[in-house]
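# Remarks on the overall topology
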Amino acid sequence: MRTLQRMSGIALLLLLAVVVHGAPQLTVGTDREMPVYRCGEPATFTVAITEDGKPLTRGHARLVITCDGGRTIAEQELDFSRANPATVPATLDEPGFLRAEVREFRDLEKPRGTPRAGAAFDPEKITMGFPCPDDFDRFWEDGRSRLPDTDVVLRKIDRLSTAEYTSYRLTVDVLHGEKLYGFLCVPTGKGPFPALVCVPGAGPGYEAPSVNWAKQGVIVLNMNVHKYEVSDTPGEFRRQYDEYNRKLGQLYCLDHCTDRERYHYRNVILGIDRAIDFVSSLPEWDGRHLVIDGFSQGGALALILAGFNRHITAAGAAAPALCDHGGARFGRQPGWPRLVKQTPASVSVVPYYDAGNFAARIRVPVLALVGFIDTTCPPGSVYAAFNQINAPKKMVHAPRHGHSVPGNYRAIHHPWLLGQLGLAEPVEPTRQ
């Protein structure tokens, strides 16, 4: 039996060796560790492909260089039998990002690795694709004034409450007879406590409150973005979400996107705004620290609410979505969910839902993240919104990361967040 197990183990190792041997490794890089350039300055992209640590001397591919996933800047055929690594120079004459992506491998197995690299050109000068509507503020204040004059409803969740904190389901009445849902977790005692607002990335959302923050003495508001209350039945969480989108016949983020009064995020923004006002009215709140934080969709809503709600004292926006809906005007790719591309008739609606237009109204510290090879929330869209902020701010660059939260951001974000909550010494960016 032991001999059989030993032979099976040897066979597995041989199989793994064959698998590894049969998958070349691709790397795409730049000539700078931090690839930030001035407009017109050349950036050199390097493409290398190896097998068992040695350069391949066979195969072809195509390198496509675009303006942040938008218009094509250059294309070049790569012949690895002639040059490996291959180097290709490129530049931009206007502020933006270049994305170099290797495609269409021939005469070799598709390699492992990240097939793209990015480079920034004067990113702090990137501007918005669409102008802000003249009636932007009036539109949003009108929505706020039309909300039903009803109280935010709390329902205690006994199974998620302890001697340290109390958890609640939270319901907000919004426009058109709809409701928005979330969770609230309040530490035990009179406080005063700082408060943290969290909004999820795209998808099903939260199925429970963030009790770990409550254990640290923080009031936590977790807001979902859907028109249904999340079930507490095991296994229902994802099914509810899938069924909701199925009934809509599309993803929720496209619902009513040609109607500025009924677009999905109208009630999301107004409902979260009302919930934040409710948190600020709690006697347990310290009246000084109310931070909003999120990634992707959550990062967008962090920028939006920081520019809309006067109680917010700081915002963390990692790879924010809903930015620069008009980016295609400059040949670059807008941020998720690329409304105009998917539904051209939304073109007159999207400026009212651009995180960049809310960002221009922010007057509190902002910490943000941009991934140079992010294809979901492209870096040009993130910077277009970030550049609108007229307040203390810091952008964390992740040159080799796509739509994710890398370690260099987490290392900065956590102490910054603790400082903005008053739980540690503040670190930049802080209030002026």
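What comes next is a walk through the structure. (Residues numbered from 1 in each chain as written. Predicted model: local features only at pLDDT ≥ 70, side-chain atom pairs only at ≥ 80, totals over all residues. Heavy atoms only, no water.)

Spatially, β10-β11-β12-β14-β13-β15-β16-β17-β18 is the arrangement adopted by the nine strands of the open sheet, whose pairing is mixed. The sheet terminates laterally at β10 (153–156) and β18 (393–398), the two strands that pair on one side only. Between one strand and the next, the sheet's axes are offset by a mean angle of 20°, whatever the strand orientation. One ladder, built from six bridges, connects strand β13 (residues 193–199) with strand β15 (residues 285–295); its direction is parallel. The partner of Val197 across the bridge, within β15, is Ile292. Docked against the sheet, helix α6 (residues 297–308) engages β13, β15, β16 (314–318) and β17 (366–371), running at close to 140° with respect to β15. (Pairing = 2+ DSSP bridges. Helix = DSSP H or I, 4+ residues; strand = E, 2+ residues; numbered from the N terminus. Axes fitted to C-alpha atoms, helices over the stretch in contact; angles between N-to-C directions. Contact = heavy atoms within 4.5 Å.)

Along helix α2 (residues 136–145), the residues classified as buried are Phe136, Phe139, Trp140 and Gly143. End-on, the buried residues of α2 take up no more than an arc of 90°, which puts them together on one face. Opposite the packed face of α2, turned more than 90 degrees from it, sit the exposed residues Arg138 and Ser145. (Buried < 20%, exposed > 50% of the residue type's maximum accessible area, 1.4 Å probe, protein only. Arc of directions from axis to C-beta.)

Counting 86 residues, the largest nonpolar core has Trp140 and Tyr265 as the members making the most contacts within it. No other element matches helix α5 (residues 264–281), which puts nine residues into this core. Core analysis: the next-biggest nonpolar cluster, separate from the first, contains 25 residues, Val47, Leu63, Ile65 and Phe80 among them. (Core = buried A, V, L, I, M, F, W, Y, C linked by side-chain atoms within 4.5 Å.)

A large share of strand β5 (residues 60–67) lies buried, amounting to seven of its eight residues. Sheet topology places β5 next to strand β6 (residues 72–79); seven bridges connect them, and they run antiparallel. Each residue of the ladder has a partner; that of Ala61, found in β6, is Leu78. The pairing of β5 with strand β8 (residues 96–106) spans seven bridges and is classified as antiparallel. Counted as the bridge partner of Leu63 is Val102 from β8.

So yeah, pure geometry; function would need other evidence.
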